Amino acid sequence: MATIAPERPRSQKLSEGPKPPGRERDRVFRWVTFAAGVLVLVILALIFVSTVAQSWDWFSTRGLSTVFSSRWSPKVYPVGTPKAGQAVPGTGFGAWALIFGTLYTSLVAIILAVPLSVGIALFTTDVGPRWLRNPVGYIIDLLAVVPSVVFGLWGVFVLATPIRNVYQSIADFFAPIPVLNKVFTGNPLLGTSVMTAGLILAIMITPIITSLTREVLATVPIAQKEGALALGATRWEMIRGAVFPHSRSGIVASVMIGLGRAMGETIAVALVIGAAIRVSPALFSPNNTLAAIIAQNFGEAQGIQRSALIGLGVVLFIITLLVNVMARAVLSRGERRLEAGK
Amino acid sequence: MTAPASLLAPRPGTRARHARNRIATLSIWVALILVVVPLVAVIGAVIVKGASSISGSFLTQDINKITNGQKLAAAFAKVAGKQSTQDGIKPAIIGTLLITGLATLLAVPLGVLGGVYLNEYGGRSRFARLLRFLTEVMTGVPSIVMGLFVFSIVVVKTGFSLGWNVSGLAGSLALACLMLPVVIRATEEMLKLVPQELREASYALGARKSKTIVSVVLPAAAGGIVSGALLAVARASGETAPLVFVIGITRTTNTNLFSGGNVALSTEIFRNALSYGSYATARNRAWGEALVLIVIALSFTLLARLVTALFVRRRAA
């Protein structure tokens, strides 16, 4: 439909006439979308500021030394007593044992999950029969939908009891070997342990690592793969010679993002790790992680104990933030290198 | 790229190379089986154990209190030859649906607008790149940290907090914070796929940028955005950590998200498994709740797949 512009007196300049319709709406819309975009920055800043403010009692009274002390035995005076919420003398609020537990369980999970994830990603891009590639992708995505609390429920009620016997035989096997008998052991040896948490975590982070790795593998130029095959390489040699060098940084980044997920995973770990404070390499013993102890104890926590638990959240936030930022840095550096190489 | 030296170097016997290839292929198949087996085991256990506790009254009754007298009551009931109590999970089902629903209402519009900013206005500017980076970082923030954040800024009465106490709303806010970056990413990815010609055609007709985005670009990407949002909803509906200490607790249905404690399937499973694991009632209830929760999460996922399939077919036509 044609719109006829209103007559403009000859004396009037172009910029002085009536404003074209819709200009204001355009500007408002732009600012609304901008505000929505900036919300991410605002939320991230608020997460940091508000949790630090709530945990300041813990950070300020004890300082950084407490973050690296391994004694966590929080007891506070109960509500109704004169010193309600303050720490009972002699109790510890150190985070180190929990930081250790977090790093250890996620390390176990990563060691188990990376070969599986990369293998399945290769299955869906190069190795599997064509008709099976998409269904396998769907099944792995399905794994991502199962809520973590369901994995935890299965881990504690179904897996924990029978797997104790498996742990016992592994511990018996390694008992005479000097260093390994400190790792593959448990005191007490239980089904709810670092190893069980690692197993459950490995299942849970496999979908994310697989799907990120698949995206990376999909960017390998077909010409390079076919070139390798044409030179007489077997499929495995093609994967090692053409696929891996091209996607190494992408796979490293995927693994780091999976590591971040494993560290922050809460509920499943809270149910299967058995809740014990210790810095020990024993795989078959109970332990605890930053995220899990918050979920287990937050409900009843008061005063300085609650402050300390929120402080553990801050520590976790900083660790996962660093891991994620590093992952993105690796990824973008890899992309730049690929672009430069073109 | 030059072929790596290892490929050009003289190879050991062909037989050994092919053997190695077969071993690698076999390991990859084994990896697949190792992941599929636990998946089948978990879903199988939930279906078998959950189905036995689900009945009409289980889905429509309030949640019973688990007391120290529970075992005694169960023993009496056995003697009397009837079931001890009518147990149910209706408040948790309603809670999960309402809390996730409100979170969706908060996160999806904001996420879509944020995605529009990144792709349509920000482009490759320095600030847009920073926001894109932060959005990706935010997808990696642990869900328990989101729970602590909402607790610190909405629930608790001290510090610079709103001090609203526990409520379904607090849970919705925490879930919305988790969903927001996911929706932004999905929207931006989908907007990237909209052909530039569509925008230019709209400008050529005299439409302004906002009109073009609302009437041309977003409808063209709608299918992908809806499917991305549904996947985010599916993930959020199963989240426990962000809810467990911000929504409080109730044993009766609370449809008011703005006041009073609430309850969700996920937090109920966690409480039952963590504290009452030795009671058969609590165990059975947790398995029943797990089955209902998986069905809910799965239906959102299947819906997302359906939308994607329809969308792809329409584009192909």
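All chains use their own residue numbering, which begins from 1 and follows the written sequence. Note on labels: chains are lettered from A, ligands numbered from 1, in written order. Local features in this predicted model are restricted to residues of pLDDT 70 or higher, and side-chain atom pairs are both shown and tallied only at a pLDDT of 80 or more, whereas totals for entire chains, interfaces and linings draw on every residue. Only hydrogens and water are removed before side-chain values are computed, so all heavy atoms of the structure are retained for them.

Asks: Lay out the side chain of Thr212(B) in plain terms, naming residues and giving numbers.
Replies: Residue and element names in this part refer to chain B. Runs of H or I in DSSP of at least four residues are treated as helices and runs of E of at least two as strands, each being numbered from the N terminus. Counting through the fold element by element, Thr212 comes out in helix α10 (residues 209-237). Exposure is judged per residue with a 1.4 Å probe applied to protein chains only, and the accessible area is read against the type maximum: over 50% gives exposed, under 20% gives buried, and values in between give partly exposed. Overall, the relative accessible area of 1% leaves Thr212 in the buried class. Note on contacts: a residue pair qualifies if any of its non-hydrogen atoms lie within 4.5 Å across the two residues. Ignoring any residue separated from it by four or fewer positions in sequence, one finds Thr212 in contact with Arg199, Ser202, Tyr203, Ala207 and Val217.

Asks: An account of the environment of Gln54(A) is needed here, citing residue identities and associated values.
Replies: By the secondary structure assignment, Gln54(A) is in helix α1 (residues 23-54). You can call Gln54(A) buried: its relative accessible area is 13%. Along the backbone, Gln54(A) and Val150(A) are 96 residues apart, and their C-alpha atoms lie at a distance of 31 Å. Those residues within four positions of Gln54(A) in sequence are excluded, and the remaining contacts are Ser307(A), Ile310(A), Ser152(B), Val156(B), Thr158(B) and Gly159(B).

Asks: Go over the interface of chain A and chain B with me, naming the residues and quoting the values.
Replies: On the side of chain B, 86 residues touch chain A, which itself brings 86 residues to the contact. Summed over both partners, the accessible area lost on bringing two parts together, with a 1.4 Å probe, is the buried area. For the chain A and chain B pair, buried surface summed over both sides reaches about 7800 Å², with 79% attributable to carbon and sulfur atoms. Definition used for salt bridges: Asp or Glu carboxyl oxygen within 4 Å of a side-chain nitrogen of Lys or Arg. Joining chain A to chain B, the criterion identifies four salt bridges.

Asks: Residues and numbers for the pattern of salt bridges, please.
Replies: Under the defined criterion, the tally for this structure stands at 14 salt bridges over all chains. Residue Arg208(B) pairs with Asp26(A) through a salt bridge whose shortest N-O separation is 3.9 Å. Within this pair, whereas Arg208(B) is found in the loop between α9 (196-204) and α10, its partner Asp26(A) is found in helix α1, the two belonging to separate chains. Its relative accessible area of 26% is what places Arg208(B) among the partly exposed residues. Across the pair Arg17(B) and Glu237(A) runs a salt bridge, and its minimum N-O distance is 2.8 Å. Remark: Glu237(A) occurs in helix α10 (residues 235-264) and Arg17(B) occurs in helix α2 (residues 14-53); the pair is interchain, linking two chains. Summarising the burial analysis for this pair, Arg17(B) and Glu237(A) share the class buried. One salt-bridge network, held together by shared partners, links Arg328(A), Arg132(B), Glu136(B), Arg185(B), Glu188(B), Glu189(B) and Lys192(B).

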